[in-house]
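What follows is the residue order along each chain.
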Amino acid sequence: MLIIGLTGSIATGKSTVSSLLSSPPYSIPIIDADLLARQVVEPGTPGYKAIVEYFGPSTPDLLLPLKPDTNPHQLRPLNRPALGRRVFGTSEERKRDRMVLNKIVHPAVRWETYKALLYYYVRGYWAVVLDVPLLFESGMDIICGTVVVVGVSDATVQVARLCARDSHLTLEDAQNRVQSQGDVLGKVQKAEFRGVDTARGVIVWNDGDKADLEREVQKAMMGIRSSSPRWWAWVLLLAPPVGVGAAVWNMAVNFATQKSWERKVREEKAKL
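The rules behind each value
Residues numbered from 1 in each chain as written. Predicted model: local features only at pLDDT ≥ 70, side-chain atom pairs only at ≥ 80, totals over all residues. Heavy atoms only, no water. Axes fitted to C-alpha atoms, helices over the stretch in contact; angles between N-to-C directions. Helix = DSSP H or I, 4+ residues; strand = E, 2+ residues; numbered from the N terminus. Parallel < 35°, antiparallel > 145°, perpendicular 65-115°, else oblique. Left-handed = near helix turned anticlockwise from the far one by under 90°. Contact = heavy atoms within 4.5 Å. UniProt positions renumbered as here; feature names shortened; annotations may be inferred. Pairing = 2+ DSSP bridges. Buried < 20%, exposed > 50% of the residue type's maximum accessible area, 1.4 Å probe, protein only. Expected span 1.5 Å × (residues − 1). Domains from an automatic or database assignment. Buried area = accessible area lost by both parts, 1.4 Å probe. Salt bridge = Lys/Arg side-chain N within 4 Å of Asp/Glu carboxyl O. Polar contact = N/O pair within 3.5 Å; in protein donor to acceptor, adjacent residues only side chain to side chain.

Quick notes on the packing of helix α3 (residues 46-55) against helix α5 (residues 92-122)
Running from N to C, α3 and α5 point in directions that differ by 160°, and their axes come no closer than 10 Å. Regarding the angle of α3 to α5, the classification is roughly antiparallel. The way α3 lies across α5 gives a crossing that is right-handed. Mapping the contact onto sequence places G47, A50, I51, Y54 and F55 in α3 and R96, D97, V100, L101 and I104 in α5.

Right, dumping it as structure tokens:
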């Protein structure tokens, strides 16, 4: 089974691409890390308890009030905008808080992701999309056969789209959220370094309208399908030793690619 890592930055159109891939003619199952991240911090979960314990004392509006007809003993849900204001930004304090939040959420999301991958593998799917905004940052790209980055050429486009989508955000809030997810062009470079010619790294540009984006997705999927045909997915399913070997080989290649990228970055910094 081909694992397609889908990433980008906030308001680049990643969710739209995910929706296109889950619909005909592609109909690829989606493992949405954002959705899992919400599920693992629902009231009563270990993630919820850890967030309330760390952020609660210094964030008075961390929890939403209960509705009037709700059981008063029920746990109050997280106020996500308040938590977002606490962790999104470029100050050292916000970076530290964001790191704490990631350490709470990411391990739980990773575990749920592996369970979902196993589910789709045994059901014989030829591919699955792993939709993760921080794919490279979390290290999840190491298990992906292909990484698709949805990019835009100008960060101001992201800010404008985010303000239009989430009217409750101020311009500063939108800018902080865009900056917190990193430069999308850096993710584009990492994907290209994986190998555009072999479809291990694929770029979907979203600078135009939805029709342009659909054409970009179609072009991307043509390349991905030619590099990993359906018959190969059946070989991996029907011959588990081959599947395990292919998975190990893929991770080894990705690990070597990561090290080569890090070495390249170090060498470029040394020249400055």
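That covers the picture; the talk isn't over yet.
Describing the UniProt feature "transmembrane region" (unreviewed entry) in the protein
Mapped onto the present numbering, the UniProt feature "transmembrane region" (unreviewed entry) falls on residues 231-256. The distance from the first to the last C-alpha atom of residues 231-256 is 27 Å, and the span holds 96% helix and 0% strand.

A word on the sheet that holds strand β2 (residues 30-32)
Judged by pairing direction, the sheet is parallel, and its 5 strands sit side by side in the order β2-β3-β1-β4-β5 without closing on themselves. The open sheet has two edge strands, β2 and β5 (201-205), and neither has a second partner. Ignoring which end each strand starts from, the neighbouring axes of this sheet average 20° apart. Relative to strand β3 (residues 127-131), strand β1 (residues 2-8) is paired through 5 bridges, and the arrangement is parallel. Looking at β3, one finds that L2 is bridged to A127. Helix α9 (residues 184-195) rests against β1, β4 (146-151) and β5 of the sheet, and its axis sits at about 150° to β4. Helix α10 (residues 210-227) rests against β1, β4 and β5 of the sheet, and its axis sits at about 165° to β5.

A word on the pairing of β3
With 5 of 5 residues buried, β3 lies mostly within the body of the structure. With 3 bridges joining them, β2 and β3 adopt parallel strand pairing. Bridging across to β3, I31 finds its partner in L130.

Observations regarding helix α12 (residues 240-271)
A rise of 1.5 Å per residue sets the reference length of α12, with its 32 residues, at 46 Å; its end C-alpha atoms lie 47 Å apart and thus fit the reference within 8%. The complete set of buried residues in α12 reads G243, N250, N254, T257 and W261. Elements in contact with the buried residues of α12: α9 and α11 (230-238).

Topic: the domain arrangement of the protein
According to the domain assignment, the protein contains domain 1 (1-29 + 126-271) and domain 2 (36-124). For domain 1 and domain 2, the distance between their C-alpha centres works out to 24 Å. The interface is formed by 18 residues belonging to domain 1 together with 16 residues belonging to domain 2. Of the roughly 1600 Å² buried between domain 1 and domain 2, counting both surfaces, carbon and sulfur atoms make up 68%. Seen at the junction of domain 1 and domain 2, the total is 0 salt bridges. Here domain 1 is connected to domain 2 by 2 residue pairs in polar contact (both at pLDDT 80 or more). Among the elements of the structure, β3, α8 (171-180) and α11 are those that each provide at least two residues to the side of domain 1 that touches domain 2.

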